[in-house]
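Observations on the three-dimensional arrangement
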Amino acid sequence: MMSSPEVQTTGPVAWDFQPVTFGLAAEPDLFGWYHPAQGDVRDCGVVLCNPFAYDLLGTHRSYRVLAEQLAAAGFPVLRFDYHGTGDSAGSDADPERVATWLGNISTAIDQLKQLAGVPKVALFGLRLSASFALMVAEGRSDIAALMLWAPVVNGRHVVRELKLLHNTSAALAARQESETAASGGTVEAAGFRHTQATLLDIGKIELLKRPCPSVPHIALLSADAGKPDAALLDLWAAGGLTPTVFDLPGYAGMLRDPHVATVPQLVIETLVQWLGDLHGTRATSVIPHTATTPKALLTGAGESSALLHERPLRFGARQQLFGVVSAPATQAPDAIAAIFINAGGNHRVGPSRLTVPLARHIASLGHTVLRMDIAGFGDSIKLEGPLPIFQLSSVPDVREAIDQLAVLHGSPFKHYVVVGLCSGGFLAHHTALQDARVTSQMTLNLPSFEWKGPSDGESIEEYGHRNIKPLGFYAAALFAPQTWKRLFSGGINLRLIADVGGKRLLSRVQVKLQQLVARFKPGVDNSVAGQFAALSKRGVKSVLILSANDGAVDEMETHLGKNAVRMRNDPNFSYLTIEGADHTFTAERCRREVFDIIRQHFASLSR
């Protein structure tokens, strides 16, 4: 049975896992979650080794469920972010990434043994992290078992995969910038950067050239419809090791985009049962864990030399929400409070970890930033059913974040800025409408001001497939010869474009009619343009950032006119587009433009 905290109507939520910060230095630089064992305690703990880059985003929910179910079965568990990933300090451009990540796993093992008092630890890893778990186990005598899912036998395969993804994204979004990066050896894949040194170190991983592990028990899972590497099995068999091989589904579904990724429940239940059969309960209890406030995580802010303190934070009327607060050691007198809201199904780090360096950059300017998980996402309370994306019921969560920042500050801030990408922008906009404390909203590729998808029978997954480019893009493309070549070769889904484009045109006509009726009907203007006008009258500054070829452009033009003409002369309204950017601004050049826009906006609020 899952041990997720239940949603309660009154009183605080009973959490059964706690945030921890740790590391080898005096100031911690790694962030993680400790799940104390529940019920009958086993004689072994489990460290979950996160996957890397894009794989981390879709698997976050699955790793949490795995940790919860292992803890419910009596195993103390630690899941954590490597240095330069997730909520931990550092960036993917730091040196010696592979050696650092291997060291982080060993540090996490020692941390769990200290927290729980267990003599042995099992490791779980997926893809590259499975290979790392195996490599770390070679040099330790306290590893009781390994659970390896699709381990990378040869690192050169990962390097080729990253370069292929880099070349594809460069062709579609930012070829010139990406090729410039590639000339220096850096590969940018799905928004994550891999330096030449990192790629070389990954490419050196060859499990077939490593000794047979001395771990007594190994569970080996393959990717869907795949088989374990025969040469690897032969190597281990020659060393007297016979792993338990499981052929179970769930791999592909877990590695999808975060808003549609599925938890591999059968795999999780199988691994919990397998490990439980190996390790009985102990007569003496593990060290009882009491909830304590973790030490602040010390980190830098990109190119800035400023050092920041980051603290994990539980908040809300029932302590049901989670976030991470970034703040400078000394806050500016005119400090601003900013709330970064979940985008899609991503947890608080954002797509391709976009939110983390952005929050740290803003904090380095002297402000306080909270990147939060609304209820049902990341590490806030778990809700049953589909993720509550584009739901107005999540607006109170953002308002509670504003409450919490005022408490931390000791008094209300002069400015509260709500920032969100995609569905996070939807919540930012509606929070600004509902909460008079919000003085500025910044939305990035907001696809809908008035979401009606589920009520119209369209799921979030279906919406994602139907998020075509703006209609103006296709009109201009009609004059390009390559468009006709792709059309006749079947490379363009004309039916989808016609279907979605027709709905967008119909929506535009409906909005025009509503605007016409509103001119002759007295009363409050509830149109989107009316909402922005009301916000501006209240003094709220609105900044809309859009990728030039994102479908969100059509939504903006539907309600505000071409280039937001209806708000053009309003000093509290800004509309900016970024050429060559995809929906989540994964290209480094595009991210820099987003950073510049947001930095300039915060500077204007401080004046």
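Residues numbered from 1 in each chain as written. Predicted model: local features only at pLDDT ≥ 70, side-chain atom pairs only at ≥ 80, totals over all residues. Heavy atoms only, no water.

1. Structural notes on the confidence of the model for the chain
- Residues with a pLDDT of 70 or more make up 80% of the chain, whose mean pLDDT is 84.
- When the criterion is pLDDT under 50, residues 1–9 qualifies, and its contacts beyond four places in sequence or with other chains add up to 29 contacts. (pLDDT = per-residue confidence, 0-100. Contact = heavy atoms within 4.5 Å.)

2. Regarding unusual backbone geometry
- Within the chain, R127 stands out as a residue other than glycine whose phi angle is a positive 55 degrees.
- By the element assignment, R127 lies in the loop between β5 (120–126) and α3 (128–138).
- Even without being glycine, A150 reaches a positive phi, approximately 50 degrees.
- Here A150 lies in the loop between β6 (143–149) and α4 (155–183). (Helix = DSSP H or I, 4+ residues; strand = E, 2+ residues; numbered from the N terminus.)

3. What about the nonpolar core?
- With 88 residues, the main nonpolar core has I339, M442, L544, I545, L560 and F585 as its most contacted residues.
- A per-element tally of this core places helix α18 (residues 588–606) first, with seven residues.
- Apart from the residues within four sequence positions on either side, I545 is in contact with M442, T443, L444, N445, L576, I578, F585, I597 and I598.
- If you look at the next biggest cluster of nonpolar residues, it comprises 50 residues, including Y34, Y82, L148 and L207. (Core = buried A, V, L, I, M, F, W, Y, C linked by side-chain atoms within 4.5 Å. Buried < 20%, exposed > 50% of the residue type's maximum accessible area, 1.4 Å probe, protein only.)

4. Observations regarding the pairing of strand β15 (residues 368–373)
- Of all six residues making up β15, six are buried, and the element is well covered by its neighbours.
- Residues T368, L370 and M372 line one face of β15 and the alternating positions V369, R371 and D373 line the opposite face, and both faces are buried.
- Both strand β14 (residues 337–341) and β15 contribute to a ladder of four bridges, which runs parallel. When the sheet's bridge partners are listed, A338 is paired in β15 with V369. (Pairing = 2+ DSSP bridges.)

5. Digging into the packing of helix α2 (residues 97–116) against helix α5 (residues 196–203)
- For the pair α2 and α5, interaxial distance at closest approach is 8 Å and the crossing angle is 60 degrees. If you check the angle between α2 and α5, you find them oblique. Two secondary-structure elements touch here, α2 through R97, V98 and W101 and α5 through T198, D201 and I202.
- Of the residues contributing to the contact of α2 with α5, the split by class is three nonpolar, one polar and two charged. (Axes fitted to C-alpha atoms, helices over the stretch in contact; angles between N-to-C directions. Parallel < 35°, antiparallel > 145°, perpendicular 65-115°, else oblique. Nonpolar A, V, L, I, M, F, W, Y, C, P; charged D, E, K, R; others polar.)

6. A word on the sheet that holds strand β3 (residues 44–49)
- Read from one edge to the other, the open sheet built from eight strands follows the order β1-β2-β4-β3-β5-β6-β9-β10, with strand pairing classed as mixed. The open sheet is flanked by β1 (18–22) and β10 (244–246), the only strands paired with a single partner. Put simply, the sheet's adjacent strands are angled 20 degrees from each other on average, direction ignored.
- Here β3 runs beside strand β4 (residues 77–80); their pairing, made up of four bridges, is parallel.

7. Things to note about the environment of G39
- Structurally, the position occupied by G39 is in the loop between β2 (30–35) and β3.
- Along the primary structure G39 and F75 are separated by 36 residues, whereas in three dimensions their C-alpha atoms are 9.3 Å apart.

8. Some points on the packing of helix α1 (residues 54–72) against helix α8 (residues 265–278)
- For the pair α1 and α8, the least separation of the axes is 10 Å and the interaxial angle reads 35 degrees. As for the relative orientation of α1 and α8, their crossing is right-handed in sense. Contacts between α1 and α8 involve S62, V65, L66, Q69 and L70 from the first element and Q265, I268, E269, V272 and L275 from the second. (Left-handed = near helix turned anticlockwise from the far one by under 90°.)

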